[in-house]
Amino acid sequence: MKRNTQTIVQLAAEKSRQARLRVVAAITTMQREGEAVNFNTICRAARVSKTFLYDPKHSDLAQQIRSFRQTHPQSSSSHRSNKSDSAKDAQIARFKERVRQLEAQVRSLKDENELLYGKLTDL
């Protein structure tokens, strides 16, 4: 029984071509909208793996991402720092609220312990 691999090869080539088109579209859209262009953001937007971008067959796409990253370093880093600052502020607020709740719980448990010790001494 002879296997027909020609169809499989054609489907794989078409899948790769579609992925390339998604990557190009993602790069174009992200550049136009001023979003951070790097391997992580492009992989997410184009639904491809980093392995796909690092593959020698797609070295032109990787080079395009690298060159944009070098010519626009401030856009991605400032965007990231703004996000991280707001994320840190939100996390600090959550921690402060948690500390307040735990302190209230400790006070309540201390009061309960005093009450129970008082009952034990009455026995």
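Computed from a prediction, not measured in an experiment: that's the story for all the values here.

Q: Even after reading the chapter, I still don't get the pattern of salt bridges, so can you show me in this structure?
A: Oppositely charged side chains can pair when the atoms bearing their charge come close. Enumeration over the complete set of coordinates arrives at three salt bridges. Between Arg 17 and Glu 14 there is a salt bridge, with the nearest N and O atoms lying 3.1 Å from each other. With a gap of three residues between them, Arg 17 and Glu 14 both fall in helix 1 (residues 6-32), about one helical turn apart.

Q: Explain the side chain of Asn 38 to me, please; I cannot follow it from the model alone.
A: With respect to the element layout, Asn 38 can be found in the loop between helix 1 and helix 2 (39-46). Under the relative-accessibility criterion, Asn 38 is labelled buried at 15%. Side-chain polar atoms of Asn 38 contact the backbone nitrogen of Thr 41, separated by 2.9 Å. If we skip the residues at most four places from it in the chain, Asn 38 touches Ile 65 and Arg 69.

Q: It is not clear to me how the packing of helix 1 against helix 4 (residues 59-71) should be interpreted in this structure. Could you clarify?
A: The description of two helices packed together rests on the angle between their axes and the distance between the axes. Axis separation between helix 1 and helix 4 bottoms out at 11 Å; the angle between their running directions is 10°. In terms of axis orientation, helix 1 runs roughly parallel to helix 4. Counting all contacts with helix 1, which are made through Arg 20, Val 23, Val 24, Ile 27 and Gln 31, the residues of helix 4 involved are Asp 60, Leu 61, Gln 64, Ile 65 and Phe 68. Along the lines of polarity and charge, the residues of the contact of helix 1 with helix 4 split into six nonpolar, two polar and two charged.

Q: Would you explain the packing of aromatic side chains in this entry?
A: Ring pairs (aromatic) are described by centroid distance and by the angle formed between their planes. All told, the structure shown has one aromatic pair when counted by the stated rule. Ring plane angle 20° and centroid distance 4.7 Å describe the contact between Phe 39 and Tyr 54, whose orientation is recorded as stacked. Of this pair, Phe 39 sits in helix 2 while Tyr 54 sits in helix 3 (residues 50-54), placing them 15 residues apart in sequence. A relative accessible area of 4% places Phe 39 in the buried class.

Parameters and conventions
- Residues numbered from 1 in each chain as written.
- Predicted model: local features only at pLDDT ≥ 70, side-chain atom pairs only at ≥ 80, totals over all residues.
- Heavy atoms only, no water.
- Salt bridge = Lys/Arg side-chain N within 4 Å of Asp/Glu carboxyl O.
- Helix = DSSP H or I, 4+ residues; strand = E, 2+ residues; numbered from the N terminus.
- Buried < 20%, exposed > 50% of the residue type's maximum accessible area, 1.4 Å probe, protein only.
- Polar contact = N/O pair within 3.5 Å; in protein donor to acceptor, adjacent residues only side chain to side chain.
- Contact = heavy atoms within 4.5 Å.
- Axes fitted to C-alpha atoms, helices over the stretch in contact; angles between N-to-C directions.
- Parallel < 35°, antiparallel > 145°, perpendicular 65-115°, else oblique.
- Nonpolar A, V, L, I, M, F, W, Y, C, P; charged D, E, K, R; others polar.
- Phe/Tyr/Trp six-rings, centres within 6.5 Å; stacked < 30°, edge-to-face > 60°.

Any link to function would need more than the numbers given here.
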